[in-house]
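Results of the structural survey
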Amino acid sequence: MEPTVPSPKVKQDAESSPVKESLATVRGLQTGDHLTSGQGVRLPDTDHSLKAGPRGPALLEDFHLREKITHFDHERIPERVVHARGSGAYGTFTSYGTAASVTKAPFLAEKDRETEVFVRFSTVLGSRGSADTVRDTRGFATKFYTPEGTFDLVGNNMPVFFIQDAIKFPDLIHAAKWHPDREIPQAQTAHDTFWDFVSLHTEATHHVMWAMSDRGIPRSYRTMEGFGVHTFRLVNAENETVLVKFHWKPVAGVHSQAWEETQITGGVDPDFHRRDLADSIDAGLFYEYELGIQVMPDSGDETFEGIDLLDATKIVPEELAPVQPIGKLVLNRNPDNFHAETEQIAFHMGNLVPGIEVTNDPLLQGRLFSYLDTQLSRLGGPNFTQLPINRPHAPVNDNFRDGLHQSVVHRGIAPYLPNSLAGEEGPVPAGPEKGGYVHLPKPVLGDKVRANPVSFADHYTQAALFYASLSPIEQDHIAEAFTFELSKCYEQAIRVRMLSVLANVNSELTAKVAAGLGLPAPEGKPPVTVTPSPALAQITDRVWPIAGRVVGIIGTPDKQAEALQKALKAQGVVVRVIAPVGGPGVERTFQTARSVEFDAVIAATATTDLQMTVLLQEAFRHLKPIGVWGKGEQLLANAGIDLKAPGILPDPDAETLAAALGRHRVWERVPLLKPAAS
Ligand code: HDD
């Protein structure tokens, strides 16, 4: 079989890297022809320990044995307390220059300024080895290595959060992660403690709606939006300020897996998203996003159109404040070493550059503490900023000294200020004229209280707004997700309580979920009127770019398959032939292929292979376009698929397939999949 991606040797070739080499000095430090010890002593044998005779015992003096095993024993570091499962890539952010009037940060303000970035995508709840495709919020964290210092935008693929105040984060995560007695379930919210917490802590309702929507099960990281969530304050050269929310808009559009697909994928290919990111970059099919900002006036009360901008459980509908594009991100280089780069990267909300400030959002304020703090135990001390992936691309002159894993040999005798001894070598403070980060003077006044503003009290209006903004198909998916997750709870009281929360959001949704659970639907007080925000819907008439999509042909690698491969390659679509056995031009065999990998399938042979029948049935159920070439009709008949059903494409050419893929799924097929009313 042909390998799907170039061999590792080719893909790690530094010469072909399209971005600036930030790690040039440390990449591939293992040099030389000979195997050595950690001290550089050449070693003749690494397969046998030093023994007293071939039958032992092993000798304590075997420095190589002890060093090799000791190093191995300490290879793992603590996984992230949340967002442990992730994968990342380098990229280039190019500014459009359109943000020049609102921020002095040059990487956003200057037209065509290129900034190297590293993005780490993640799930929140699962351990490092958990599956990619579970229902969960996804992290979308971006490190911008600017010459003015590092800026981190540590966001999610959902624009709101479960809690309004960081002090609730340990409670949220203790409830959402596995049960502490058995450490199950892994990487999912479908269990008692999560639903117990969110049904009691109703400010979570809006985020729960997002998590139960199709946003919780993305097709790939390529097809996710990203959100900075909080409101930030931008400062321009005249020290004028605006309040903004950051958005990443995927060029490929927002698309999700079908729920059943996620479950199959979790077993068939737990690395589905990670693999797609790495393979796509290797194939030159880069992930692309636009960065945009919603700009709101910096009114003294930090509200906009009645929405409290300091409340992270609220969005500002795009119809009220349009997302204005300010730059483009292209992810175009895979890391060389997962541990050194993706695992050791450390994000921090406090990594800010002049022109970008935080607001008093109490969730954001607590995050400013947590991210720096967590690295001390995760990365083993205060010098993690010296790790190659965390090093700023700006000169560092911090007067910080010593500590575990110090890897800088600081010179001089006066790492303090003021001093009269450092001379030329010592740093001096930089005022704003020298690019210093000067916090904008803002009055701070208030009684010392543990309390929320009154405006934080509405937990339901925007949850209802979100639901009302979705297409009926997406609304059904939400009802199904709630029903599935609550069905997994052991405690009936939790289900009943959650229904009473939903009753304050939308009565139709409550009725559907209650029916699924076999419970009465409670009465609630849903908002009387909500104004939907069409920008929130995923399923629309829009046709999206199809780069990165995968088409499977069940057949043989013949001329027709080759022609399709050629024609769709131009649009970045990968076409894979699925044949009974391996051979030239065959990328998947009947034994290894599974429907979840493909966005569209073509039946081109009359095989009676049961696995192919199942593949087609799954593709049909998951609303994928299915093409039929020649004897493929028979295969559809074997699978019980009606040739006249929506999205069955007779003899499709590249154009027909491309059009179907651009709509993501054959939504017209949905009614066929509903059980007939009895
Ligand atoms: Fe967090 C990691 C996103 C609230 C504490 N968070 C982490 C990551 C992302 C987010 C994407 C992974 C970064 C990476 O890839 O290394 N977190 C969010 C968003 C939040 C949020 C969008 C709300 C708007 N987080 C939040 C709160 C706290 C934390 C309120 C603590 C009070 N988050 C952490 C952490 C982590 C983290 C414990 C774990 C690993 C790390 O930071 O480096 O500090």
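Just so we're clear, the structure is a prediction, and the values are computed from it rather than from any experiment.

1. Quick look at the UniProt feature "active site" (unreviewed entry) in the protein
Cross-referencing UniProt, the feature "active site" (unreviewed entry) maps to His83 and Asn156 in the present numbering. Judged by maximum C-alpha separation, these annotated positions cover 74 residues in sequence but sit close together in space, the widest gap being only 10.5 Å. Within the secondary structure layout, histidine 83 lies in the loop between helix H2 (63-73) and strand S1 (86-95). What makes histidine 83 buried here is its relative accessible area of 19%. Leave out the neighbours within four places in its chain, and histidine 83 touches Arg120, Ser122, Thr123, Val124, Gly139 and Asn156.

2. Side note on the nonpolar core
Trp195, Met209 and Phe482 are the most contacted members of the largest nonpolar core, which has 53 residues in total. Looking at this core, the elements that each hand over two or more residues are helix H4 (169-176), helix H5 (192-200), helix H6 (205-212), helix H11 (461-469), helix H12 (472-487), helix H13 (492-502) and helix H14 (507-517). Three or more residues apiece are contributed to this core by two domains, here domain 1 (86-390) and domain 2 (460-536). In contact with methionine 209, not counting residues within four places along its chain, are Ala463, Phe466, Tyr467, Ile478, Phe482, Leu502, Val505 and Leu509. With 45 residues, the next largest nonpolar core counts Ala89, Tyr221, Leu277 and Phe347 among its residues.

3. Examining the confidence of the model for the protein
When pLDDT is averaged across the protein, the result is 94; 96% of the residues are at 70 or more. Segment residues 1-19 is flagged for pLDDT under 50; beyond a separation of four residues in sequence, or across chains, it makes 29 contacts in the model.

4. Description of the environment of glycine 28
Assignment of secondary structure puts glycine 28 in the loop between helix H1 (8-11) and H2. Residue glycine 28 is classed as exposed on the basis of its relative accessible area, which comes to 61%. Once the C-alpha coordinates of glycine 28 and asparagine 337 are considered, the two residues, 309 residues apart in sequence, prove to be 9.6 Å apart.

5. Topic: the packing of H5 against H13
Between H5 and H13, the least distance of the axes is 9 Å, while the angle of their chain directions is 40°. For the pair H5 and H13, the sense of crossing is left-handed. Contact with H5, carried on its side by Asp192, Trp195, Asp196, Val198, Ser199 and Leu200, involves Ile494, Arg497, Met498 and Val501 of H13 and no other residues of that element. A breakdown of the residues in the contact of H5 with H13 according to their chemical character gives 6 nonpolar, 1 polar and 3 charged.

6. A word on the coordination of the iron atom of the ligand
From the protein, the iron atom of the ligand takes a single donor atom, Tyr371 (OH), 1.8 Å away. Position of tyrosine 371 relative to the elements: it lies in helix H10 (residues 362-378).

7. Thoughts on the site of the ligand
Lining the immediate environment of the ligand, one finds 22 residues, of which Arg80, Arg120, Arg367, Tyr371 and Gln375 sit closest. Within the side chain of arginine 80, an N or O atom sits 2.7 Å from an oxygen atom of the ligand. At a separation of 2.6 Å, an oxygen atom of the ligand approaches a polar side-chain atom of arginine 120. The dominant element in the shell around the ligand, judged by the number of residues it contributes, is H10, at 6 residues. For the shell around the ligand, the per-class residue count stands at 11 nonpolar, 8 polar and 3 charged.

8. A look at the sheet that holds strand S16 (residues 600-603)
Strand order in the open sheet made by the 6 strands is S15-S14-S13-S16-S17-S18, with parallel pairing throughout. Strands with a single pairing partner mark the edges of an open sheet, and in this sheet they are strand S15 (588-589) and strand S18 (648-650). Sheet topology places strand S13 (residues 550-554) next to strand S14 (residues 574-579); 5 bridges connect them, and they run parallel. Across the sheet, residue valine 551 finds its bridge partner in S14, namely valine 575.

9. Focus on the environment of proline 250
Within the fold, proline 250 resides in strand S7 (residues 241-250). Linking proline 250 and leucine 291, residues 41 residues apart in sequence, is a C-alpha distance of 8.9 Å.

10. Some details on the side chain of aspartate 214
In this structure, aspartate 214 sits in the loop between H6 and strand S5 (226-227). No salt bridge is formed by the buried aspartate 214; the nearest opposite charge belongs to arginine 135, separated by 5.3 Å. Aspartate 214 has contacts with Ser256, Glu474, His477 and Gln538, leaving out every residue within four places of it along the chain.

11. Observations regarding the UniProt feature "binding site: heme" (unreviewed entry) in the protein
As recorded in UniProt, the feature "binding site: heme" (unreviewed entry) lies at Arg80, Arg120, Phe169, Arg367, Tyr371 and Arg378. Among the structural elements, arginine 80 can be located in the loop between H2 and S1. Judged by its relative accessible area of 10%, arginine 80 falls in the buried class. The contact partners of arginine 80, leaving out residues within four places of it in the chain, are Arg120, Thr342, Glu343, Ile345 and Arg378. Positionally, arginine 367 belongs in helix H10. Taking relative accessible area as the criterion, arginine 367 reaches 14% and is therefore assigned buried. One polar contact links arginine 367 to histidine 230, side chain to side chain, over a distance of 2.8 Å.

12. Some words on the pattern of salt bridges
For the structure shown, the criterion picks out 37 salt bridges. Linking aspartate 336 and arginine 27 is a salt bridge whose minimum nitrogen-to-oxygen distance equals 2.3 Å. In this pair, aspartate 336 is assigned in the loop between strand S11 (324-333) and helix H9 (338-343) and arginine 27 in the loop between H1 and H2, connecting sequence segments 309 residues apart. Aspartate 336 gets classed as partly exposed once you look at its relative accessible area, which sits at 30%. Salt-bridge contacts for arginine 215 lead to glutamate 225; the nearest nitrogen and oxygen are separated by 2.5 Å. Here arginine 215 is found in the loop between H6 and S5, whereas its partner glutamate 225 is found in the loop between H6 and S5, with 10 residues between them in sequence. Of the two residues, arginine 215 and glutamate 225, both sit in the buried class. When salt bridges that share partners are traced, they join Arg85, Asp132, Asp269, Asp271 and Arg275 into one network.

13. Things to note about the pairing of strand S2 (residues 114-123)
Here S2 lies mainly inside the structure; 9 of its 10 residues are buried. With 9 bridges joining them, S1 and S2 adopt antiparallel strand pairing. By the bridge assignment for S2, alanine 89 is matched with valine 119. Pairing of S2 with strand S3 (residues 138-146), which is carried by 8 bridges, proceeds in the antiparallel orientation. Residue pairing in the sheet places phenylalanine 118 in a bridge with lysine 143 of S3.

Reading the values: rules and limits
- Residues numbered from 1 in each chain as written.
- Predicted model: local features only at pLDDT ≥ 70, side-chain atom pairs only at ≥ 80, totals over all residues.
- Heavy atoms only, no water.
- UniProt positions renumbered as here; feature names shortened; annotations may be inferred.
- Helix = DSSP H or I, 4+ residues; strand = E, 2+ residues; numbered from the N terminus.
- Buried < 20%, exposed > 50% of the residue type's maximum accessible area, 1.4 Å probe, protein only.
- Contact = heavy atoms within 4.5 Å.
- Core = buried A, V, L, I, M, F, W, Y, C linked by side-chain atoms within 4.5 Å.
- Domains from an automatic or database assignment.
- pLDDT = per-residue confidence, 0-100.
- Axes fitted to C-alpha atoms, helices over the stretch in contact; angles between N-to-C directions.
- Left-handed = near helix turned anticlockwise from the far one by under 90°.
- Nonpolar A, V, L, I, M, F, W, Y, C, P; charged D, E, K, R; others polar.
- Donors = N, O, S within 2.8 Å, 3.2 Å for Na, K, Ca; no water.
- Near = heavy atom within 4 Å.
- Polar contact = N/O pair within 3.5 Å; in protein donor to acceptor, adjacent residues only side chain to side chain.
- Pairing = 2+ DSSP bridges.
- Lys, Arg positive; Asp, Glu negative; His and termini not counted.
- Salt bridge = Lys/Arg side-chain N within 4 Å of Asp/Glu carboxyl O.

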